[in-house]
There are 4 protein chains.
Amino acid sequence: MTRTTVTDTSTSPLETRILDRETLRTAFVRIRANTIALTNPLEIEDQVIQTCEEVSPTKWHLGHTSWFFETLILKPFLPDYEPLDERYEYIFNSYYNAVGPQFSRPHRGLLSRPTVAEIHDYRAYVERWMETFFRTADAKTWAHAAYAIEVGLHHEQQHQELILTDIKEVLSHNPLTPAPYAPGRQVPHPSRRQAVQWHAFEGGLSLIGHDPAASGATFAFDNECPRHEKLITPFELASKPVTNREFLTFVREGGYQDPAHWFSDGWALVQQQGWTAPLYWQCIDGEWRHYTLCGLMALDPHAPVSHVSFYEASAYASWAGARLPTEFEWEHAAATQEVPSQANLLDFSSAAQAAAPVDAPRPRAVPSDQGLSQMFGDVWEWTMSPYAPYRGYQTFSGPLSEYNGKFMCNQYVLRGGACTTPRDHIRRTYRNFFPPDARWQLSGFRLARDDV
Amino acid sequence: MTRTTVTDTSTSPLETRILDRETLRTAFVRIRANTIALTNPLEIEDQVIQTCEEVSPTKWHLGHTSWFFETLILKPFLPDYEPLDERYEYIFNSYYNAVGPQFSRPHRGLLSRPTVAEIHDYRAYVERWMETFFRTADAKTWAHAAYAIEVGLHHEQQHQELILTDIKEVLSHNPLTPAPYAPGRQVPHPSRRQAVQWHAFEGGLSLIGHDPAASGATFAFDNECPRHEKLITPFELASKPVTNREFLTFVREGGYQDPAHWFSDGWALVQQQGWTAPLYWQCIDGEWRHYTLCGLMALDPHAPVSHVSFYEASAYASWAGARLPTEFEWEHAAATQEVPSQANLLDFSSAAQAAAPVDAPRPRAVPSDQGLSQMFGDVWEWTMSPYAPYRGYQTFSGPLSEYNGKFMCNQYVLRGGACTTPRDHIRRTYRNFFPPDARWQLSGFRLARDDV
Amino acid sequence: MTRTTVTDTSTSPLETRILDRETLRTAFVRIRANTIALTNPLEIEDQVIQTCEEVSPTKWHLGHTSWFFETLILKPFLPDYEPLDERYEYIFNSYYNAVGPQFSRPHRGLLSRPTVAEIHDYRAYVERWMETFFRTADAKTWAHAAYAIEVGLHHEQQHQELILTDIKEVLSHNPLTPAPYAPGRQVPHPSRRQAVQWHAFEGGLSLIGHDPAASGATFAFDNECPRHEKLITPFELASKPVTNREFLTFVREGGYQDPAHWFSDGWALVQQQGWTAPLYWQCIDGEWRHYTLCGLMALDPHAPVSHVSFYEASAYASWAGARLPTEFEWEHAAATQEVPSQANLLDFSSAAQAAAPVDAPRPRAVPSDQGLSQMFGDVWEWTMSPYAPYRGYQTFSGPLSEYNGKFMCNQYVLRGGACTTPRDHIRRTYRNFFPPDARWQLSGFRLARDDV
Amino acid sequence: MTRTTVTDTSTSPLETRILDRETLRTAFVRIRANTIALTNPLEIEDQVIQTCEEVSPTKWHLGHTSWFFETLILKPFLPDYEPLDERYEYIFNSYYNAVGPQFSRPHRGLLSRPTVAEIHDYRAYVERWMETFFRTADAKTWAHAAYAIEVGLHHEQQHQELILTDIKEVLSHNPLTPAPYAPGRQVPHPSRRQAVQWHAFEGGLSLIGHDPAASGATFAFDNECPRHEKLITPFELASKPVTNREFLTFVREGGYQDPAHWFSDGWALVQQQGWTAPLYWQCIDGEWRHYTLCGLMALDPHAPVSHVSFYEASAYASWAGARLPTEFEWEHAAATQEVPSQANLLDFSSAAQAAAPVDAPRPRAVPSDQGLSQMFGDVWEWTMSPYAPYRGYQTFSGPLSEYNGKFMCNQYVLRGGACTTPRDHIRRTYRNFFPPDARWQLSGFRLARDDV
C-alpha cells in the first residue's frame, strides 16, 4: 500500500489521504463480496422487513451501500455515468439532506420493490461502473475521489454490522424463532470463567484521538479528530466486561424493580416498556435463554453481557458501586494495545468461514491471562461520555459533512467493536455512538472507578 | 349437484345444507388453484408486506385460508390428521377467540417466516389431507362437515378479493408504482357514456334476505338470514353508479373543502388525513390519474368511481341533493335481477384469463340500454344501512359464530360485488360490510331519493 | 301557552312553531337560573378542567349556552346588539361550521380565561339583551326567532345534564374523591327489590316519531321527525332496567373476561382499556362501590346499573340470552305512557331542592307494581338502533342544520332520560345518541327478546 | 450569619453546612412570602391548568414547595407533627421514589382539588409547624435538619422561577392573550444597542465547581461539586448574548428552512413541530411580536433572544460560524465576576416591586461599557456541555439523592440565571439543565469560538 497526499488546502487534513488504486480496488471487491456473503443465509422474505424506525430491511442496506458509491463517486467523478434508475437516489438516501430528499425512514419496510434480485443487479451495475472508474480515472480525479472511496468502504463495513444486528432484531419478533445461521454449525464451548481484576491508571495529560499526519496513520472518521490533550485523573478499569452471570445477579436481585440506580429517563423507560432483562433474554421455566441468529440458546455465563442499553449499563454500574469509564479513560487505557488476533470480531477470511460466511456472531469470553482483556471485539462498551465534538473538530466536506457531526446530541460513545464488527474496521480511536435507550446492537460494558 | 339435509336440530337451518362430495371436491380444487393463480404475478417481496392494520400480507392470506380448512375440518373431523406445524394455529388465526389466541393482527407484516414457499407447502399439505377427507369421511361425518367446507370455499373467495385489494394498497405506497398485472395487457377502451335515469319503486312490504329452505336455495352466510318482511316506502334509484366524471365535479367544486355535506366524523377525518380525492387518485400537472395494479392510469370518466369511503359517498349524495339507498331498497330493486353474464366480476375461467389469471380488475362501465345497470360487479355499492342483525338472526354455531355477528357494530353495508369479486361468489342477498372510513376496497355507490 | 304558525314555506314544518313571548321569556329566566343553580356547589377550580375530548369544563358550558342565544338570536335579529367580546364567538362555538371556526375542542381545558366570573358576566349580559329582545321584537321578527329560542332552551337543558355528567367524570380522577353535592344530604334508602317481568307486544305497523302538526304537539328536535310507519314484529320487553345486582353477577361470572358475548370492537376496547366493571365502580376489599357526586358510595343493588357503554349493554344482553330493544320497539311500548310524576328525573322545583339545586342525581329504583316501570328517568336506555335519519328526515335550517343530522353515523340511540335529565325535557319520541364506547352518561339498559 | 459544621462523617461535605436558626427562619419567612406574592396577580382559574407534561399548575407548585418542608423536615425531625392531609404526600410528590409513589405528572392539571384556598391553608399549616420547629428543635436535630432546610429554600426559589415560566406557557395558549402582570405598568424603554466584542481567554488548568470547605463558601447544590481541575484550551467569548435583532436575521435568512446547521434530532423537531421562530414569537402583518406576561409586545431588538432551545442556539451558532461555549469555558470566564447589582434578575425587594411583586420579567439589555456583560441575569445561557457528573461527584444523601443526579442524561447545562431567577439564587458555579428541545424557560445563549 502506497500513500500520497493531495494538496488542495480547502479540504480537511483527513481528506488529503490518498490510497493507491489497486489497494482500494482490491478492498472494494473483497468488502462488497463480504456484504453479499453475509446475506446469503437469509430468505428473500427476511430481507424485506422493518420492525421499527431504527432497523432497516436487509435489502435496503444492500441498496444504500451501492447508492453511496453511486452518489459520492460515480455521479460527481465519472462523466459518462448513467444511473440504472434515477429514483434510487431518493429511495436509498439515508439522511443526506445535501443530496436531496429521502424516502421516509420509518417506512422502508413498506417497499417490496426494488426486489432483492433487482438490488443485487443494482449492486453489480454500480460495481461494473466502479471498475471503470478504478481503471480510467485520471490522477487528479483520483486524488479527489480516493478518500471518499475509502470512506465508502468503511461505511459498507458499518452496514455489514447493521445487517446482522438489524436482522437479529427482525427475526426475534417471530414466534418460529428462525435460526438462519445455525445449519451445520456446532455450538461453541461455553466460555471459561475468569476473575475480574482492577487495573490502575495514573492519568495526566493524555493524547486522545487520531492524527492523520502521523507516520503510518490509518484511516479514521472525522469524529476521531483532531488528536488533542485531555486531562485524565487517576482511575481503575476492570480487566474484562461484565458477564451474563454477573448481570443475571443484578436481574435476580431486583435491579429492574428498584429506581435507586437508574437515570430518571431510564427508569421511565423500564416502566413503560416493561423491561426486566437485556433484550433477547427470555426466562422459560426458570431458565434464562437468549435469542441468537442460531436460534434460542442457553446463556453463556462467562461471556460478556450484550444487548443492554446505556441506561441498563449505568444502573448496573451504580448498583455495583462503580461507574462506566469515560471514552477518554478507555482510549487512554487502550493506548498500548493492538487489536489482538484472537479478538472475537467478524472475520470473513478464516477457513471456518469458507463454507459459510458467518457463524452467528455472539460474545464469547476470549480470555487473556494478564492485563486488560476483550478491549476489542465481543461487545461494544458503553462509556459515560456523551457523544460530542472534540475540541477543534471539523466535519468532512461536502455531503459527507452529514456523516457524523449532526448526530452529536443525545447519544453516548461506545468503544472497542463487537463480534459483529469486521476485524479490519476497528481501532483504538474509533467512536461508535447510539442513543441511551438503544439495545439492538451488541452493546455491553466494562466498569471503572475513581482511584482516590 | 345434489343436496341433502342433516336432521340435527341443534344447528341453524343454514347449516343443514349438505352438498355432495364431488361437487365440493371439484369446487375446492378449482377455488384453491384460483387463489394461487391470483398471486402468481407477484414477487415474493410483495407478499410479505403489511402497510396498516386492515391490510394483511399476501402470504398471510395464503396461510389463513389453509388454516381455515385445517382448523374447522381436518382437526375436528379427521382423527388421523397431524398438523404440519402446531404453531401455525396461532400465526394464521385471524380473530377466532373460540379457537385460541391470535398473533397480533397489526404485526402480521413483521413475520418473514413461514416463507412464501413454506406456505405453499402448507397449502399443498392441507389439500392432500382434504383429499383424504373427501375420499374417506363416512356419511355422518360428511353431514356434519359439508356445510363448513362450503363456508370455507366462500371464505377463500372473500380472501381472493382481499388479496387483490390489499396488494393494491401495499404497492400504492411505492414510489416505483409497480404494475404486477400489467405485462402483456392491452389497455381497455374507455367506457361509454350513459345518461343516468331514475327508476321509481312503489315499495310496500317486501321480503328481504335469504331463505335456506326455499327450493333451489343457494349458499348464503348467516348474516343474510332469516328472510323477513321489511316495509319499503316509495323511492327512486339511479340506473347506474356515480362515475369518475361526476365525482370529479364534486372534487373540483370544493366538495372536500366544505363541511356542509359531511358527517361530523367524516369531516374530522378529511381534515386530519388531508383527503382531497378518492384513494389512489393523483393530480399530476392538472390531470387526474389513479393508481391501479397495472400502474398509474388516466381516469376513465364514465367508469364508476371507486375507492371512496362511506363518508365520501354520503357527502357526494348530499351535495347532489340525493341520498344513498338503504340495503333493503337495494335488494328490493334487485329482486328480479340475475347476476348478468357481462357483469364486470372477477372471472378465472374465460379464455382471456387463460394466459394470466387476472387483468388487474378495475371498474369499467358495462352499459345496459334499459333498466338498472351495473347492480352486480364493477364496484361495491355503499348503502346508508348500518350493518345490523336481521330480526331473528342466528349466528352459525361453533367457532363460525364469530364469522359475521361480532362485527355488527359501527360498519355499513355494501351490496352487489365489484370487479374484484369472484363471479360465483355474489348474489342479491349478499351483505358486505366495512367501517365508514374504509377506502381500500373497490367501493363506489349509487344514488337514491325518496319518491314523494 | 298559546301557539301560532308562521307561514314561511321555505322552513321545515317544525320551525313554524311559535310560542308566545311571555311563555318563552318565563321559561328562559327559569331555565337560565337553573343552570347557575346547578353549578353553585362547585369550586371555581372544578369548573376549569377537561379530562378528555368529550368532557367540557363547566365554565365552557356556561359560556356556550350563552353563545347560543347571542349567535342565533341577538346577532341575527337584534340590530343594535353589540357583543361583549367578539372573540367569544370563536371560543364558545362548539361545532357550528356555518357560524365560523371553533377553538379546538380537546383543548377547552387549556383556557383559564375568560374566568368563571367573567362568564357569569357574559351570561348576565346576554340575558339583559334577550330581555330587550323579548320586549322589543316586532311580530315578524318574533315569528322568525321564536322557534330558535325554544331550541336554545332545550339546548340549555341538554347542557345542564352534561354539566353534571362532565363534572362527575372530571372529579372521578381526583384521589381526594370530592363530593360537592353531598353536604347536608341524607343518603337515600336503598331501592326496593322488584322482580322482572316480560311484557309482550304484538307489533304491526306502528307510528313512530313526532308530528309537529298534531293537535297539542309539544316541542321536538328535527331528528324525531317525521312521524312515520314502522313495521314492528312481536317482541317482549322487560318491565324494568337491568339492576346493579344483576350486572354484578355478570361481572363476577367473568363477563369481562370472555369474548363470546362482545362485539369485536367492544372486546378490543375491554382489553385495551382494562375494563372490568362499569365506569366509576371500584372493588375495595371485596366490596363494590361507585363514585358519585356525593362521594364514594355502596352500590344500591336494586337500582338500575348505569355508566355502561353500548358494548357492555350488548354483551350483558347476549350473556342473558336476550337482546336490546330497537328504538322503535321502545317507543312503541312507551306509546301509552306519560312521563310519571314519580319518575327519577332532574327536578329544580321541589321543596327538597329549594335549599340546594340538586341531590347528586343517581339511579334509584322507582318501583311500580304493574306494567313497565322506569321507562322515563333513572337511566338512559341503550337501544340496538344505530342513530340514523327517519325516512323523509329534514334538518333544521340555517346553522341549526348542524344540530343533529351530522352526527347520524357510528352512534346508537338511547331513550327515556335519566336522573340527570331535566323533568320537562324528556318525551316519548326523544332520541338521545352516543358512540358505543361512551360511558360517562347515566346510561343503562333494559332487555328485550323476540316473541316467537 | 454564623456557620458551624456537623461532624457526622457519613454525609457528604456539603451537608455539614449548618446555618443558624435565625438566619434560616428569616429567609424562610421572606422566601415563602415571595412565592405567594408572585402568584397574587393570577386568577384562581390560571393556577389550575397544565398544558403539557413539563408545565405544572401554579397551585401544584404552591403545594409541592410545602410538601418539601413537610416531607424532609417536619415528618422526620418533628415527632409531634400531624399532617393536614395524609394524601398530600402522594399528590404533591414530584419525583422522589424514595419517599413513595407519585400522582402522575402529566395529569396534575386534572386535579381541581385541593383548591387554591386549601393549598394556601396547607402552606400556612406547614409554616406554623416550621415555626415550631425553628423554636423547639434541639441542637443535634438542628444540626441534621439545617442543610435540608437551606436546600428547601433554594428549591422554593427554583419553583418561583418555574411558576413564572409555567404560567407564561399556559397563558400563551389563550386566544385572549392574558396579561396578568400588566396592570399599572409602564412599558420599559427599549434596550440600548451595544456592539458585540470577542474576549480572548488563554485557558490552562482551571478550577471548576464549588468547594464547600472554602472560606466564606455559599450554599451550592451537589451537582456543583467537587471543585476540580479542567483543561481549558484558548477560546474567545462574546461580550453579550445574541440579541433578538441578530436572531431575527437568522430567521429571515431561512435558518429554520435549511438543515445544514441543525443537529439531526433538532431538524426532525423543526419539521415535526413546524418551528419557524423562537417560542412566543408571532409575525403579525409582517411585524414580529412576542407574547409576555404583560401581553403581546413588540420585540426589543437589542434585548437578548430568549425562549430558544439548545437546538436553535446550536444552529444559530453554526450559521454564525461560531459555537456555544462549554460550561467550563463559561465558568472560567466568569471566574472574576460578581453578580452585579444592575443584573436583570428577579427582585422582590426594590421599591418598584412594592406595589406589585413582579414586573413580568423579560430580558432587557443591561449594557456594560467594558468586559463581559449580562453574564448573570436576562437569559439562561445554553452551553454545549451535556449535563454530566463532575469527576468525584457525590449526590446528597437520603431522598435528596434524587434531586440532581438522576437527571444527568440527555440534558444540557445552562449558566448565569435569567430575569426570572431570584437575585440571591444565582452564582458562578450554578448549573441549570434542560433537555435540548426545551423552550419554555428564559433560555438564550452567547457565542464562543476557538482561539487558534
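Residues numbered from 1 in each chain as written. Chains lettered and ligands numbered in written order. Predicted model: local features only at pLDDT ≥ 70, side-chain atom pairs only at ≥ 80, totals over all residues. Heavy atoms only, no water.

Caption draft 1: Molecular detail of the relation of the copies chain B and chain A. In screw terms, the move from chain B to chain A is a rotation of 180° and a rise of 0.0 Å along the axis, fitting with an RMSD of 0.0 Å. The relationship between the two copies is best expressed as a two-fold rotation axis. Of the C-alpha atoms belonging to chain B, the one lying closest to the rotation axis is found on B:Glu45, 3.0 Å away. Taken together, the interface assignments show that 97% of the residues at the interface of chain B recur at the interface of chain A, consistent with an identical surface on both copies. (Least-squares fit on C-alpha atoms with pLDDT ≥ 70 in both. Contact = heavy atoms within 4.5 Å.)

Caption draft 2: Region of the structure containing the sheet that holds strand β10 (residues 380-386) of chain D. All names here are of chain D. As summarised here, the arrangement of the four strands in space is β12-β11-β10-β13, forming an open sheet in which the pairing is mixed. Sheet topology places β12 (432-434) and β13 (443-444) at the edges, where each strand pairs with a single neighbour. Pairing of β10 with β13 involves two bridges; the strand directions are parallel. Counted as the bridge partner of Glu 381 is Gly 444 from β13. (Pairing = 2+ DSSP bridges. Helix = DSSP H or I, 4+ residues; strand = E, 2+ residues; numbered from the N terminus.)

Caption draft 3: Here's a closer look at the relation of the copies chain D and chain C. Laying chain D over chain C is done by rotating through 180° and shifting 0.0 Å along the axis; what remains is an RMSD of 0.0 Å. Looking at the interface residues of chain D, 97% of them are also at the interface in chain C, so both copies use one shared face.

Caption draft 4: Region of the structure containing the interface of chain B and chain A. With 33 residues of chain B at the contact, the number on the chain A side is 32 residues. In this assembly, chain B packs against chain A so that about 2,500 Å² is buried in total across both faces, 66% of it on carbon and sulfur atoms. Area buried by chain B at its contact with chain A is led by B:Glu45, B:Arg113 and B:Leu176, which between them contribute 29% of it. Linking chain B with chain A are two salt bridges. (Buried area = accessible area lost by both parts, 1.4 Å probe. Salt bridge = Lys/Arg side-chain N within 4 Å of Asp/Glu carboxyl O.)

Caption draft 5: Quick look at the arrangement of the chains. Between chain A and chain C there is no contact; the minimum C-alpha to C-alpha separation amounts to 15 Å. Looking at chain B next to chain D, you find no contact at all, with the nearest C-alpha pair sitting 15 Å apart.

Caption draft 6: Expanded view of the side chain of D:Asp85. All names here are of chain D. Among the secondary structure elements, Asp 85 is positioned in the loop between α2 (58-77) and α3 (88-91). Of the residues examined, Asp 85 reaches a relative accessible area of 17% and is grouped as buried. At a separation of 2.9 Å, a polar atom in the side chain of Asp 85 contacts the main-chain amide nitrogen of Arg 87. (Buried < 20%, exposed > 50% of the residue type's maximum accessible area, 1.4 Å probe, protein only. Polar contact = N/O pair within 3.5 Å; in protein donor to acceptor, adjacent residues only side chain to side chain.)

Caption draft 7: Expanded view of the domain arrangement of chain A. Residue and element names in this part refer to chain A. Domains assigned within chain A are domain 1 (13-171) and domain 2 (198-450). With 36 residues of domain 1 at the contact, the number on the domain 2 side is 41 residues. Both sides of the domain 1 and domain 2 interface together cover about 3,400 Å² of buried area, and 64% of this is carbon and sulfur. Area buried by domain 1 at its contact with domain 2 is led by Leu 14, Glu 161 and Lys 168, which between them contribute 22% of it. Our count for the contact surface shared by domain 1 and domain 2 stands at one salt bridge. Inspection of the domain 1/domain 2 interface yields 21 residue pairs in polar contact (both at pLDDT 80 or more). Taken together, the elements giving at least two residues each to the side of domain 1 that touches domain 2 come down to α1 (21-39), α2 (58-77) and α5 (139-172). Looking at the side of domain 1 that touches domain 2 element by element, the count peaks at 18 residues for α5. Along the lines of polarity and charge, the residues of the side of domain 1 that touches domain 2 split into 19 nonpolar, eight polar and nine charged. (Domains from an automatic or database assignment. Nonpolar A, V, L, I, M, F, W, Y, C, P; charged D, E, K, R; others polar.)

Caption draft 8: Expanded view of the packing of α1(A) against α5(A). Residue and element names in this part refer to chain A. Where α1 meets α5, the closest approach of the two axes is 10 Å, and the angle between their N-to-C directions is 20°. With respect to their mutual orientation, α1 and α5 come out roughly parallel. Viewed along their axes, α1 and α5 form a crossing whose handedness is left-handed. Here Arg 21, Leu 24, Ala 27, Phe 28, Ile 31, Arg 32, Asn 34, Thr 35, Leu 38 and Thr 39 of α1 come into contact with α5, specifically with Ala 139, Trp 142, Ala 146, Ile 149, Glu 150, Leu 153, Glu 156, Gln 157, Gln 160, Ile 163 and Leu 164. Of the residues belonging to the contact of α1 with α5, the class tally is twelve nonpolar, five polar and four charged. (Axes fitted to C-alpha atoms, helices over the stretch in contact; angles between N-to-C directions. Parallel < 35°, antiparallel > 145°, perpendicular 65-115°, else oblique. Left-handed = near helix turned anticlockwise from the far one by under 90°.)

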